[in-house]
Amino acid sequence: MTDHSKLSEASEDGLRAQPAYSWWMEILGGLGIGALLGGVGVAAIFLDRMRLIPSWVFGWISSDRETQKRQFHLALYWHSMDCLRFG
């Protein structure tokens, strides 16, 4: 084997196609996670309305609209900083 054939084999290895399912599996995974989180949110709202969740679980959420906005913005800011920090 010559050095030229080794070089061409190495370059061909880099050009090999990735499996075709990889791009849509990530999309389906993201949709599945979103559906799961949405289902958990709907279930929590449903159970809270039926008084099946103790009051201390959601007790930290204020009933005042302005305070709710501040709490939401604080939680959104905290989450976005985590996303930026962890990539």
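This structure is a prediction, so every number in the text was calculated from the model and none was measured.

Asker: Explain a nonpolar patch on the surface here, please?
Answerer: Taken together, the side chains of Trp23, Trp24, Met25, Ile27, Leu28 and Leu31 define a hydrophobic patch exposed on the protein surface, amounting to about 660 Å² of accessible area. The class for Trp23 is exposed, based on a relative accessible area of 58%.

Asker: Explanation requested: the side chain of Ser62 in the structure shown.
Answerer: Mapped onto the secondary structure, Ser62 falls in the loop between α2 (22-49) and α3 (65-86). Separated by 3.0 Å, the side chain of Ser62 and the backbone nitrogen of Asp64 make a polar contact. If we ignore the near neighbours within four places in the chain, the residues touching Ser62 are Thr67, Gln68 and Gln71.

Asker: Explain the pattern of salt bridges to me, please; I cannot follow it from the model alone.
Answerer: Counted under the stated rule, the structure contains two salt bridges. The shortest N-O distance in the salt bridge between Glu66 and Lys69 comes to 3.8 Å. Of this pair, Glu66 and Lys69 both sit in helix α3, three residues apart, which is roughly one turn of the helix. Given a relative accessible area of 38%, Lys69 falls into the partly exposed group. One salt bridge in this structure joins Arg85 and Asp82, with 2.2 Å as the shortest N-O distance. Note that Arg85 and Asp82 are positioned in helix α3 at a spacing of three residues, about one turn of the helix. You can call Asp82 buried: its relative accessible area is 16%.

Rules used in this analysis
- Residues numbered from 1 in each chain as written.
- Predicted model: local features only at pLDDT ≥ 70, side-chain atom pairs only at ≥ 80, totals over all residues.
- Heavy atoms only, no water.
- Patch = residues over 30% accessible without salt bridge, like charges linked within 9 Å, V, L, I, M, F, W, Y side chains within 5 Å.
- Areas by Shrake-Rupley, 256 points an atom, 1.4 Å probe, with all protein chains shown as cover.
- Salt bridge = Lys/Arg side-chain N within 4 Å of Asp/Glu carboxyl O.
- Buried < 20%, exposed > 50% of the residue type's maximum accessible area, 1.4 Å probe, protein only.
- Helix = DSSP H or I, 4+ residues; strand = E, 2+ residues; numbered from the N terminus.
- Polar contact = N/O pair within 3.5 Å; in protein donor to acceptor, adjacent residues only side chain to side chain.
- Contact = heavy atoms within 4.5 Å.

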